[in-house]
Every structure is written in structure tokens, then in C-alpha cells.
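Remarks on the overall topology
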Amino acid sequence: MASEGGHGPQTSSDYISHHLQNLQVCKADSGEWVWNQCAGNPMAINVDSMFWSVILGVFFVVLFRLVANKTSKDKPGKWQAFVEIVVEFVNNSVKDTFHGKSRLIAPLGLTIFVWVFLMNLMDLVPVDWIPEFAKRVLGIEYMKVVPSTDVNITFGMSIAVFVLILFYTIKNKGVTGLIGELTLHPIAPPTKGLGLIAAPVIIAFNFILESVALLAKPVSLSLRLFGNMFAGELIFILIAIMFSGGLLMGTGAGILHLGWAIFHVLIITLQAFIFMMLTIVYLSLASESH
Amino acid sequence: MDINLTLIGQTIAMIVFVWFCMKFIWPPILTAIEERQKQIEDGLAAADRGEEKLVKAQAEAAEIIEEARRQATTILNQANSRANEIVAEGKASGAKERERQLAAASAEIEQEANRAREELRGQVSAVALAGAEKILNREIDAKAHQDILGKLAQEL
């Protein structure tokens with residue numbers, strides 16, 4: 001709670017900014033590794049985001065690997081049934097959208113879907129539980145538990161997707177295909193007659209337009225997820241502030257929290273699905289000639 | 001909210017997880033799913049085939065029963081007509097036999113009667129002869145005549 005904690009933040013704005021502060025480590029100018037004095041340092045690492053994202057990724061990998069290890073054709077257990085539902089859901093989504101043959105796309109979609117879902121799911125843990133535990137028991141000052149509210153995490157994933165988009169475009173259409181896609185659309189430059197004079201202008205125009213469109217893919221992918229989760233987290237934090245405002249405010253906050261959490265269940269699933277689906281769509285666009 | 005090294009870290013983590021998923025998670029699970037789908041498909045196909053077979057077998061059975069019923073009817077009809085024939089035949093032969101036996105019996109009776117008549121005639125003549133003998137023996141005694149004649153008459 002905002003008013004509790006001996007060395008914790010005291011005012012509402014302190015409380016909010018404390019919750020939005022990552023646990024960072026970086027090498028200071030003096031050459032020492034320092035905690036939480038890294039504002040603006042591009043070589044800093046958000047330890048909490050990395051920790052939770054890797055932990056959740058490992059959880060996903062271990063859980064699914066355990067199930068994959070003892071799959072039984074005749075007597076599937078409940079976990080296997082659950083995992084198979086998820087896998088089939090992803091597989092169908094991929095099949096509907098991506099018509100080429102690729103061993104990567106479907107596992108990529110599955111990883112993105114489950115991983116992003118798990119990262120988003122951390123949003124439903126009451127906002128003070130883990131940070132307070134970290135502060136009081138482990139002595140860690142900052143702890144942001146929802147990795148997808150960290151723009152680095154979402155950009156990290158969308159950049160991997162962006163690299164894959166370029167890779168698939170070049171693999172299926174060649175470097176010339178990529179260049180052609182960037183320069184010959186949406187206005188086809190004239191190839192003969194007087195129009196040739198205008199061709200460089202049109203190509204430059206196309207290039208600017210298409211580059212923006214290409215770059216917008218990873219940016220929108222990551223910012224959409226980040227924005228949704230960040231806003232959701234912020235609202236949870238704002239509701240949490242109300243808990244310290246007396247019985248009436250507290251009761252109201254409880255109801256609000258419940259409502260928002262239920263609504264958020266939809267959002268976290270939807271955002272995970274959108275991230276996966278758009279990845280598949282981008283990659284299928286990259287590997288298909290229109 | 002600054003962009004920092006976390007971005008690279010997350011990209012690396014993602015590559016590792018996706019690689020692991022592609023290598024060790026996706027193939028076995030998908031294989032299991034596809035195997036089960038195939039099994040279910042086969043099972044359904046087998047069930048369909050079984051149902052088809054059942055319908056066919058039922059139709060066949062009905063046909064066989066119908067055929068058997070028809071045959072039974074035919075046999076029954078044949079048996080009935082044969083029985084009628086036999087009865088008629090029996091009646092006819094019975095009548096013939098009766099007539100034959102009747103004829104034989106009447107012939108025998110006639111024969112017997114003839115024989116009896118023959119015998120009787122012989123006996124009558126013998127008696128007459130004996131009577132005549134006795135009459136001749138006792139010609140003297142009228143009374144005796146009378147007597148003998150009475151006896152003769154009685155004997156006749």
C-alpha cells in the first residue's frame with residue numbers, strides 16, 4: 001500500500017513512478033556496476049523484465065517439453081489435452097494464413113502466443129504482491145513484474161520478427177525482389193517514353209512510402225502490445241492507490257479491480273493472439289508473391 | 001522506459017525459446033495430434049463401413065428369410081396336394097379292393113352254395129335210395145310202410 005513501508009514511496013505519484021521503475025543494472029562511468037542509477041544509459045539492463053520474461057519462457061518450454069516427452073496417442077492426460085488444444089489452435093491459425101511450407105512459422109507462433117500470454121498474465125497478479133515481497137524479504141528496491149509493460153521486451157520480440165520478415169522476403173524473392181517491393185509499389189514507374197524522366201522521382205517516392213510501411217510493422221507490433229499492457233498495468237496501479245483511501249474507497253477499488261481484472265483477461269489473451277497472428281500474416285506476406 | 005540492452009537480451013531469449021520449441025516441442029506434439037487424428041479418422045471410417053455392412057447383412061438376411069418363407073410355402077402346397085393325391089388314390093384303390101373282395105366273396109359264397117347244394121342233392125338221393133331200400137325190405141307190413149314213409153318224410 002502507498003502509505004505503508006518504512007522506506008517506501010509516500011505520495012501517490014511516488015507510488016506510481018516507483019511501480020513503473022525497472023530494476024536496472026549498468027556499468028557506470030566510473031567502471032563499476034551500479035544498480036538503479038542508469039537513467040538514459042543505453043547499455044543498462046532491466047533485470048526484472050529479463051528475469052520474468054526468461055522465467056516465463058522457461059516455464060513455457062519446460063511445461064510443453066514435459067508434455068511432448070510423454071505424449072500418448074491412446075491415453076492423453078489432461079495436460080496433454082490442454083497443450084494439444086493450444087498447439088492445434090496455433091497450427092490452424094498458421095494453416096489458414098500461411099500457405100507455404102515452413103518448419104519455423106508454427107513453432108514461432110506457438111512460442112509467441114504462449115510466451116506473450118504468460119508475460120501478460122503477470123498483470124493479473126495484484127500489483128503490490130511481488131514488489132513488496134522483493135523489497136521486504138529480498139531487499140530489492142524495484143520490481144516490475146509484467147515484462148510486456150517494458151518497451152524493450154516488446155521491441156526485442158518485434159525486431160526478431162522484423163529480421164524474419166526481411167529473411168523470408170530475401171529467401172523467397174531474392175534481394176532484387178526486396179528492392180523491387182520497396183521501389184516499384186504502389187506506383188509502377190514508367191519504363192519507356194518521356195515518362196522515364198519521372199521514374200527516379202516515382203521510385204524515390206515509392207521507396208519512402210514502402211520503407212515506412214515496412215518499418216511500421218515491427219513498431220506497431222511492439223507498441224500495440226506495450227501500450228495495451230502498460231495502460232492496463234497503470235490502471236491496476238491507480239486502483240491500488242484507492243485501497244489506501246479508507247473503507248469506502250477501498251470497497252469501490254475492490255469492485256473496480258475485479259471488473260478491470262476480468263476485462264483484462266480478455267485483453268491479455270487478445271494481445272497475445274494479435275501478436276502471434278500479425279507475425280504469421282507478416283511472414284506469409286513476405287513469402288508469398290502477390 | 002528507455003531503450004537499452006534489455007532489447008537485445010529479449011531478442012536472444014526469444015531466438016533460444018523459438019529454437020527450442022521448433023526442435024523439441026512442436027514436432028512430437030504435432031506428431032501425436034496427427035496420429036490421433038488419423039486414428040479417429042480411421043475409426044470413423046471403420047464404423048461407417050461396419051454400418052454399411054450391417055445394413056447390407058440385414059437386407060441379405062431379410063432376403064434369405066423371404067426366400068425361405070417362399071420355399072416353405074411351396075413345400076407346404078406341394079405336400080398338401082400330394083396328400084390330397086394320396087388320399088384320392090387311397091380312396092380309389094380302397095374302392096377297387098372292396099369291389100374285388102366283394103366279388104371274390106360272392107363268388108366263394110356261390111361256390112360254397114353250389115357245393116352245398118351238390119352235397120345236399122347227393123344226400124337227398126342217398127336218403128331216397130335208403131328210403132327206397134327200406135320200403136322194399138318191408139313191403140309186407142303196411143303198417144311198417146307207413147312207418148317208414150313217415151320217417152322218410154321226416155328226414156326230407
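Starting afresh in each chain, residues are numbered from 1 along the sequence in its written order. For naming, the first written chain is A and the first written ligand is 1, with later ones following in the order written. With pLDDT at 70 or above as the cut-off, local features in this predicted model cover only qualifying residues; side-chain atom pairs require 80 or more to be listed or tallied, and sums for whole chains, interfaces and linings still use all residues. For the side-chain quantities, the full set of heavy atoms in the structure was used; hydrogens and water were omitted.

**As for the overall build of chain A**
Regarding its fold elements, chain A presents 8 helices and 3 strands. Between buried and exposed lies partly exposed: a residue is buried under 20% and exposed over 50% of the maximum accessible area for its type, with that area taken using a 1.4 Å probe on protein chains only. Expressed as a percentage of its 290 residues, the buried residues of chain A come to 47%. Only heavy atoms matter for contacts: two residues are in contact if any of them lie within 4.5 Å across the pair. Contacts in chain A between residues far apart in sequence, at least 24 positions, make up 69% of those at least 6 positions apart. For every accessible area listed, the method is Shrake-Rupley and the probe measures 1.4 Å; residues are considered covered only by the protein chains on display. Carbon and sulfur atoms form 72% of the exposed surface of chain A, whose accessible area is close to 14,600 Å². Here chain A carries 17 positive and 18 negative side-chain charges, and the mean point of each set is 14 Å from the other. For the purposes of this entry, the term helix denotes a DSSP run of H or I that reaches at least four residues, the term strand denotes a run of E that reaches at least two, and both are numbered from the N terminus. Charge assignment in this entry is limited to Lys and Arg as positive and Asp and Glu as negative, and neither His nor the chain termini are counted. Charge positions come from single atoms, namely NZ of Lys, CZ of Arg, CG of Asp or CD of Glu.

**Details of the overall build of chain B**
Scanning chain B from terminus to terminus reveals 2 helices and 0 strands. Every radius of gyration here is taken over C-alpha atoms, with the globule rule written as 2.2 Å times N^0.38, N being the number of residues. Whereas a compact globule of 156 residues would reach a radius of gyration of roughly 15 Å, chain B reaches 61 Å, over 25% beyond that. Distance between charge centroids for chain B: 6 Å, based on 20 positive and 26 negative side chains.

**Notes on helix H1 (residues 6-137) of chain B**
Expected helix span is computed as 1.5 Å times (number of residues minus one). With 132 residues, H1(B) should reach 196 Å at 1.5 Å per residue; the first-to-last C-alpha distance of 184 Å fits that figure. Each residue is assigned a bend, namely the angle between axes fitted to the seven residues that terminate at it and the seven residues that start at it. The largest bend in H1(B) comes to about 40 degrees, at B:Cys21.

**A few points about the confidence of the model for chain B**
Note: pLDDT gives the predictor's confidence per residue, expressed from 0 to 100. Looking at chain B as a whole, its pLDDT mean stands at 89, while 94% of the residues score no less than 70. Under the prediction, the complex receives an ipTM of 0.86, its pTM being 0.74.

**Points about the interface of chain A and chain B**
With 54 residues of chain A at the interface, the matching set in chain B holds 29 residues. Buried area is calculated as the accessible area (1.4 Å probe) missing from two parts once they are joined, with the contributions of both summed. Both sides of the chain A and chain B interface together cover about 3,700 Å² of buried area, and 71% of this is carbon and sulfur. When a carboxyl oxygen of Asp or Glu is within 4 Å of a side-chain nitrogen of Lys or Arg, the pair counts as a salt bridge. Linking chain A to chain B there are 1 salt bridge. Measuring nitrogen to oxygen at the nearest pair gives 2.9 Å for the salt bridge that ties A:Glu84 to B:Arg36. Think of a polar contact as two N or O atoms within 3.5 Å of one another; within protein, one of them needs to be a possible hydrogen donor and the other a possible acceptor, and neighboring residues in sequence only count if both atoms come from side chains. Where chain A packs against chain B, one counts 10 residue pairs in polar contact (both at pLDDT 80 or more). Looking at the side of chain A that touches chain B, the elements with two or more residues in it are strand S3 (45-46), helix H2 (47-69), helix H3 (78-97), helix H4 (105-121), helix H6 (151-183) and helix H7 (199-242) of chain A. Lys, Arg, Asp and Glu make up the charged group, whereas Ala, Val, Leu, Ile, Met, Phe, Trp, Tyr, Cys and Pro make up the nonpolar group; the residues left over, Gly among them, are polar. Here the side of chain A that touches chain B is built from residues that sort into 33 nonpolar, 14 polar and 7 charged.

**Some points on the nonpolar core**
The criterion is simple. A nonpolar core is a set of buried Ala, Val, Leu, Ile, Met, Phe, Trp, Tyr and Cys residues joined through side-chain atoms within 4.5 Å. Grouped together as the largest cluster of nonpolar side chains are 68 residues, with contacts concentrated most on A:Phe64, A:Val87, A:Leu110, A:Met157 and B:Met14. Mapped by element, the contributors of at least two residues to this core are H2, H3, H4, helix H5 (129-138), H6, H7 and helix H8 (246-287) of chain A together with H1 of chain B. Counting residues in each nonpolar core, the second largest holds 11 residues, with A:Val127, A:Ile239, A:Trp260 and A:Ile267 among its members.

**So, the pairing of strand S1 (residues 24-27) of chain A**
All names here are of chain A. The pairing criterion is simple: DSSP has to find at least two bridges between the two strands. Relative to S3, S1 runs antiparallel, the two being bridged by 2 bridges. Paired with valine 25 across the bridge in S3 is isoleucine 45. Judged from the 3 bridges that link them, S1 and strand S2 (residues 33-35) form a sheet pairing that is antiparallel. If you follow lysine 27 over to S2, its bridge partner there is tryptophan 33. Counting the residues between successive antiparallel strands, the hairpin from S1 to S2 contains 5 residues, one of them, glycine 31, with a positive phi of roughly 95 degrees.

**Some words on the sheet that holds S3(A)**
Across the sheet, which stays open at both edges, the 3 strands sit in the order S2-S1-S3 (chain A) with antiparallel pairing between neighbours. In this open sheet, the two edge strands, each paired with only one partner strand, are S2 and S3 of chain A.

**Observations regarding the side chain of A:Ser53**
Locating A:Ser53 in the fold gives a position in helix H2. At 2.8 Å, the side chain of A:Ser53 forms a polar contact with the side chain of B:Gln10. Setting aside residues no more than four positions away along its own chain, A:Ser53 makes contact with A:Trp115, A:Met119, A:Pro147, A:Ile153, B:Gln10 and B:Phe17.

**Notes on unusual backbone geometry**
You will see that A:Asn36, though not glycine, has its phi angle at about 60 degrees, which is positive. Judged by relative accessible area, which is 27%, A:Asn36 ranks as partly exposed.

**Things to note about the side chain of A:Asp123**
Residue and element names in this part refer to chain A. When you line up the elements, aspartate 123 lands in the loop between H4 and H5. Within the buried set, aspartate 123 has no salt-bridge partner at all; the shortest N-O distance to an opposite charge, 9.9 Å, is to lysine 144. One polar contact links aspartate 123 to histidine 264, side chain to side chain, over a distance of 2.7 Å. Setting aside chain neighbours within four positions, we find aspartate 123 in contact with Val146, Met229, Gly232, Glu233, Phe236 and His264.

**Describing the packing of aromatic side chains**
Residues and elements named next belong to chain A. In this scheme Phe, Tyr and Trp rings, the latter by its six-membered ring, pair at centre separations within 6.5 Å, and the angle between planes marks the pair as stacked below 30 degrees, edge-to-face above 60, and tilted otherwise. Evaluated as defined, the whole model comprises 12 aromatic pairs over all chains. Ring geometry for phenylalanine 60 versus phenylalanine 64: centroids 4.9 Å apart, planes at 55 degrees, classification tilted. Here phenylalanine 60 and its partner phenylalanine 64 are both found in helix H2, 4 residues apart, which amounts to about one turn of the helix. Residue phenylalanine 60 shares its accessibility class with phenylalanine 64, and that shared class is buried. The interplanar angle of 45 degrees and the centroid separation of 5.4 Å between the aromatic rings of tryptophan 260 and phenylalanine 263 together place this pair among those described as tilted.

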